Amino acid sequence: FLKKNIIKGLEYVDQNEIDKISGIETSVWNMVLLKIFSIYYPDRFLMIGDPKVIIECGKSIGISGVELKSTNSVLINHLCRKKLNETKEFSNWNFEKIGTLIWQTFKDTSKRDYYIIGSKYGEKADKDVFPEMLRRSVIATGFASELDLTEYFNENHSVIKEFLQTHNEETKSINALKYFLSLKPGDLVAVKSDGSPKGKEGYLAIVGIAEVISKDGKVYEHDPGGLGHVINVKYLDAPIFKELSLGGYGRTIHKLTNDEHIKLIFKSNNEISFFDELNRFLEQADTSDLRTSHFLKRYLGFEVKVSFGQGNLSKIPWIAFLDEADTVQQGIYPVYLYYKERKLLILAYGVSETHNSNRSWNFSNVKTIKEYFRENNFGEPERYGNSFLYKSYDINQGIEKDMINSDLNNLISIYKTTITPNPPSKPYEPFQYNKFINQVSLSGLFFSEKVSLRLICSLLTKPFVILTGLSGSGKTKLAQAFTMWICEDESQYCLLPVGADWTNREPLLGYPNALQKEEYVKPDNRIIDLLIQASKNTEKPYFMILDEMNLSHVERYFADFLSIMESKNALELYTGSLRKSSDNLEIPLEIAWPKNLFIIGTVNIDETTYMFSPKVLDRANVIEFMVTADEMKSYLNSNISLNLKNLEKGGANMARDFLIIAVDESIKTNDLTEINKTLLSFFTDLKETGAEFGYRSASEILRFSGIMNKIEPNWSMSEIVDAAIMQKLLPKLHGSRRKLEPVLKTLAGKCFSETISYEQIVKDLEQAKGKIEDLQKVIYPISLDKIIRMYKRLEQNGFTSYAEA
């Protein structure tokens with residue numbers, strides 16, 4: 001019987017008679033039927049069984065002709081799929097992608113929603129109606145008070161907007177009423193007396209918390225002679241006065257989507273707890289997961305920083321609570337330190353390890369963590385021994401919620417007494433690359449000084465550099481090292497692994513939600529945040545590091561960046577009205593290309609990756625990483641452990657001068673004779689293979705020469721030209737033996753002060769035991785070495801390219 005009815009349902013679908021399915025008498029839930037139908041007919045059904053999510057989708061996209069209730073979920077699902085199939089934005093989406101979007105969009109809105117509403121009327125917000133709202137157990141808004149909106153309650157936003165526009169209502173009135181009319185029983189509302197708008201110092205004052213209810217069958221009522229429009233509520237906590245350091249809530253009504261803000265706003269002061277966050281932290285600390293974006297960003301007015309390690313898993317993960325006066329690298333702050341091997345959690349008076357703080361804690365007779373370890377025969381703490389013990393917890397014995405919250409809140413109270421309003425700032429310094437080189441060597445990193453200098457000068461020449469070469473040779477680490485050194489904090493740089501499935505720009509930039517016209521789906525990679533911050537903070541450098549950027553076709557996901565990098569036009573994200581992301585970030589329609597944004601891509605070559613096109617190579621400096629025998633020997637003989645933390649903020653005071661150099665278009669080389677001669681000579685030979693360069697490459701080589709003259713005056717013009725040939729001219733060479741053999745031989749001969757034959761170079765190299773630097777009259781040794789390696793692969797494989805596996 002069951003099987004027969006399921007088959008009958010499938011027949012109805014096949015005959016496009018979906019409305020008859022509800023008439024089948026079967027014990028199978030609609031949720032199960034939907035799963036079956038979506039498997040057999042993914043083009044007619046969404047792969048979602050939850051009726052609440054389907055109904056929310058139907059409401060959002062304006063499904064009509066069917067009552068939006070759970071018993072009709074099969075038909076609603078089909079109508080949603082049909083309408084989305086007919087929508088241009090979804091025409092190329094497969095069933096998995098569209099199902100994922102709908103689930104992510106409506107899984108939360110199918111449940112309780114959270115709002116903030118103001119309690120003051122008038123243009124100057126000088127009439128407080130909260131006492132009247134509280135007396136009558138309602139929330140209210142006074143916009144368009146003469147209009148009865150009963151028939152528009154829980155109506156589509158677009159319908160409400162259209163109706164109000166016909167009555168000449170202003171935008172702020174429309175925005176307030178469309179949210180007000182969306183309230184439903186079970187929703188929670190925080191009533192505010194004050195709130196700061198976006199861009200102002202964060203402040204929000206809450207005077208009451210209420211739950212929306214139905215009274216005598218009514219939720220909304222028109223009150224023309226009184227408050228205007230009212231929603232019936234039950235006050236859960238009022239009157240109260242709760243101050244929060246949250247900005248961006250200056251409008252009359254806000255629908256909350258930020259989980260962190262929801263927790264802070266709707267929990268009473270006595271309920272505010274860090275216990276759950278701490279438990280999540282301890283659980284994740286025992287995994288290899290380094291993500292931190294899902295943790296609370298603020299607690300009791302302080303910024304929360306969480307770390308499980310940078311790139312590599314840390315043995316001692318931590319949580320720090322920071323005022324604006326302090327950073328993790330320089331300052332004092334309450335901090336949880338988790339010594340995983342001992343299952344020991346310490347709440348400490350934190351003291352930064354990287355730089356000495358100009359402030360100190362207010363206490364006496366407190367032992368350091370190092371002293372505590374010695375007293376308990378724990379040996380020496382691996383790190384943070386100079387911080388001071390406040391409280392320790394044996395995780396094996398468990399932790400108690402009341403104790404955790406009490407201890408942390410007490411330490412934060414002590415911390416507040418140490419805060420000074422205006423900490424002194426460091427003076428700006430001229431940019432000196434050698435300070436970076438010195439600090440790198442003390443951090444356990446082994447890079448060629450010349451390669452590091454070439455990276456820096458290339459970034460100053462043009463803010464797009466590709467690092468290629470041997471896997472594990474330090475490409476990503478060098479990119480990380482420099483960005484950590486030059487930046488003030490982590491918000492200025494982003495390391496993003498490129499996915500093998502990136503076929504368009506959405507993984508980088510996200511996309512407008514076609515289902516909810518006010519939402520922008522922002523990927524969880526911080527690129528959008530980075531672009532917005534960079535465009536606003538023009539005196540700071542920002543860095544985007546794309547790791548293994550050739551795992552997908554670069555031209556597909558990076559095309560907009562490649563184009564706008566040259567045109568300097570704005571990066572268009574979407575059209576229409578302004579949208580917000582799920583974390584309440586207002587996403588602009590377009591972002592002006594930031595002059596202070598630098599992009600570094602790393603490349604590994606194997607059978608899973610794609611080669612770069614000339615379009616990409618023409619827009620970047622390409623720096624190859626090789627590990628020499630001497631460098632490997634130095635590494636093996638060293639006793640220095642890797643510690644990127646030593647680099648943090650080391651060159652932050654030079655960042656301003658770094659940017660000044662980067663945008664100074666007047667910087668050019670004074671010695672044009674050798675470089676012009678070499679460029680013309682190489683141009684002629686490269687033209688024979690179709691790999692000649694254009695005006696852009698020539699201009700960038702001349703600028704690179706000028707930058708190098710400024711940054712490192714001791715480099716000779718031959719060294720500069722050698723680096724330029726290696727980075728800008730040779731990367732475009734690839735092809736067969738027939739095509740490249742003559743040109744490689746010719747180019748090799750031009751790497752000497754007097755042109756010689758390739759055969760003579762080979763003989764001389766044998767006598768020099770393979771050491772190119774020992775060859776007489778060689779002026780471009782780096783380029784010559786690369787050309788010889790490419791030629792050898794040409795002989796072995798019949799094909800060669802700049803990129804090597």
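First, a word on scope: everything that follows refers to the structure included in this document. This is a predicted model, so every value here is computed, not measured.

## Re the pairing of strand β21 (residues 542-547)
Logical step 1: In terms of burial, β21 is largely enclosed, as six of its six residues are buried.
Logical step 2: Here β21 shows a buried face lined by Y542, M544 and L546 and a second buried face lined by F543, I545 and D547.
Logical step 3: For strand β18 (residues 493-497) and β21, the ladder comprises five bridges, and the chain directions are parallel. Within β21, the position partnered with P497 by the bridge is D547.

## Structural notes on the pattern of salt bridges
Logical step 1: Scanning the entire structure with this criterion turns up 41 salt bridges.
Logical step 2: One salt bridge in this structure joins R136 and D223, with 2.8 Å as the shortest N-O distance. Separated by 87 residues along the polypeptide, R136 in helix α6 (residues 130-136) and D223 in strand β7 (residues 220-223) bring together distant segments of the chain.
Logical step 3: Residue classification places R136 among the partly exposed positions, given a relative accessible area of 27%.
Logical step 4: Given the relative accessible area of 16%, D223 is considered buried.
Logical step 5: Ionic pairing is found between D289 and R291, a salt bridge with its closest N-O pair at 3.0 Å.
Logical step 6: Classification of R291 by relative accessible area gives partly exposed; the value is 47%.

## Here we look at helix α25 (residues 717-729)
Logical step 1: Taking 1.5 Å per residue, 13 residues should reach 18 Å; α25 reaches 17 Å between its end C-alpha atoms and fits that length.
Logical step 2: Burial of α25 is extensive: twelve of the 13 residues sit out of reach of the surface.
Logical step 3: Looking only at α25, the buried set comprises M717, S718, I720, V721, D722, A723, A724, I725, M726, Q727, K728 and L729.
Logical step 4: Of the surrounding secondary structure, the elements contacted by the buried residues of α25 are α14 (449-461), α20 (614-617), β27 (621-625), α23 (673-687), α24 (695-711) and α28 (781-797).

## A look at the sheet that holds strand β15 (residues 344-351)
Strands belonging to one sheet form pairs held by backbone hydrogen bonds; the direction of such a pair is parallel or antiparallel.
Logical step 1: Strand order across the open sheet formed by six strands is β11-β12-β13-β14-β15-β16, with antiparallel pairing between neighbours. Only two strands of the sheet have a single neighbouring strand rather than two, namely β11 (298-299) and β16 (388-394).
Logical step 2: Of the pairings in the sheet, the one linking β15 to β16 comprises six bridges and is antiparallel in character. Each bridged residue has a counterpart across the sheet, and for L344 the counterpart in β16 is D394.
Logical step 3: Sheet strands touched by helix α10 (residues 275-285): β12 (302-307), β13 (318-322), β14 (332-339) and β15. Its angle to β14, the strand with the most contacts, is close to 45 degrees.

## Considerations on the sheet that holds β18
Logical step 1: Ordered by their spatial adjacency, five strands build an open sheet running β18-β21-β26-β17-β27, and the pairing between neighbours is parallel. Each edge of the open sheet is held by one strand with a lone partner, namely β18 and β27. Within this sheet the neighbouring strands show an average axis-to-axis angle of 20 degrees, counted without direction.
Logical step 2: In the sheet, strand β17 (residues 464-469) pairs with strand β26 (residues 597-603) via five bridges, with the strands oriented parallel. Among the inter-strand pairings, V465 is bridged to a residue of β26, identified as I600.

## Structural notes on the side chain of T368
Logical step 1: The topology assignment puts T368 in the loop between β15 and α11 (369-375).
Logical step 2: Excluding residues that lie within four positions of it along the chain, T368 makes contacts with G385, N386, S387, F388 and L389.

## Some points on the state of the cysteines
Logical step 1: This structure, assessed with the given rule, holds zero disulfides.
Logical step 2: Among the cysteines around C57, which has no disulfide bond, C80 carries the closest sulfur, lying 3.8 Å off.
Logical step 3: Overall, C57 belongs to the buried group, its relative accessible area being 0%.
Logical step 4: Here C80 falls in the buried class, since its relative accessible area comes to 0%.

## Considering the environment of N16
Logical step 1: Within the secondary structure layout, N16 lies in the loop between α1 (2-14) and α2 (30-40).
Logical step 2: On a C-alpha basis, the gap between N16 and R44 in space is 9.3 Å, while along the polypeptide they are 28 residues apart.
Logical step 3: Contacts of N16, omitting those with residues within four sequence positions, involve R44 and H78.

## What to know about the environment of N646
Logical step 1: Summarising the element assignment, N646 is placed in the loop between α21 (629-637) and α22 (655-663).
Logical step 2: Using a relative accessible area of 33% as the deciding quantity, one classes N646 as partly exposed.
Logical step 3: With 448 residues separating them in the primary sequence, N646 and K198 have C-alpha atoms 36 Å apart.
Logical step 4: Residues in contact with N646, not counting those within four places in the same chain, are Q439, L442 and S443.

## What about a nonpolar patch on the surface?
Logical step 1: There is a patch of nonpolar side chains on the surface, built from I39, Y40, M47 and F95 and spanning about 420 Å² of accessible area.
Logical step 2: Take M47: it is sitting in the loop between α2 and α3 (51-61).
Logical step 3: In this structure M47 comes out as partly exposed when scored by relative accessible area, which is 34%.

## Description of the nonpolar core
Logical step 1: Within the largest apolar cluster, 126 residues are counted, with the highest numbers of intra-cluster contacts made by F431, M549 and F558.
Logical step 2: When sequence neighbours within four positions are dropped, the list of residues in contact with F558 reads F464, L508, L546, M549, M565 and I599.
Logical step 3: Core analysis: the second largest hydrophobic core is formed by 47 residues, V304, Y336, Y338 and L345 among them.

## A few points about the packing of aromatic side chains
Logical step 1: What the rule picks out here adds up to 37 aromatic pairs.
Logical step 2: A centroid spacing of 6.4 Å and a plane angle of 15 degrees characterise the contact between F274 and Y336, whose relative ring orientation is stacked. Of this pair, F274 sits in the loop between α9 (259-266) and α10 while Y336 sits in strand β14, and the two are 62 residues apart along the sequence.
Logical step 3: Given a relative accessible area of 2%, F274 falls into the buried group.
Logical step 4: For Y336, a relative accessible area of 0% gives the class buried.

## Focus: the packing of helix α13 (residues 433-441) against helix α15 (residues 475-486)
Logical step 1: At a minimum axis distance of 11 Å, the contact between α13 and α15 shows a crossing angle of 120 degrees. When the interaxial angle is binned, α13 and α15 end up oblique. Our pair here, α13 against α15, has a crossing hand that is right-handed. Contact residues: K435, F436 and Q439 in α13; L478, A481, F482 and W485 in α15.

What counts as what
Residues numbered from 1 in each chain as written. Predicted model: local features only at pLDDT ≥ 70, side-chain atom pairs only at ≥ 80, totals over all residues. Heavy atoms only, no water. Buried < 20%, exposed > 50% of the residue type's maximum accessible area, 1.4 Å probe, protein only. Helix = DSSP H or I, 4+ residues; strand = E, 2+ residues; numbered from the N terminus. Pairing = 2+ DSSP bridges. Salt bridge = Lys/Arg side-chain N within 4 Å of Asp/Glu carboxyl O. Expected span 1.5 Å × (residues − 1). Contact = heavy atoms within 4.5 Å. Axes fitted to C-alpha atoms, helices over the stretch in contact; angles between N-to-C directions. Disulfide = S-S within 2.5 Å. Patch = residues over 30% accessible without salt bridge, like charges linked within 9 Å, V, L, I, M, F, W, Y side chains within 5 Å. Areas by Shrake-Rupley, 256 points an atom, 1.4 Å probe, with all protein chains shown as cover. Core = buried A, V, L, I, M, F, W, Y, C linked by side-chain atoms within 4.5 Å. Phe/Tyr/Trp six-rings, centres within 6.5 Å; stacked < 30°, edge-to-face > 60°. Parallel < 35°, antiparallel > 145°, perpendicular 65-115°, else oblique. Left-handed = near helix turned anticlockwise from the far one by under 90°.

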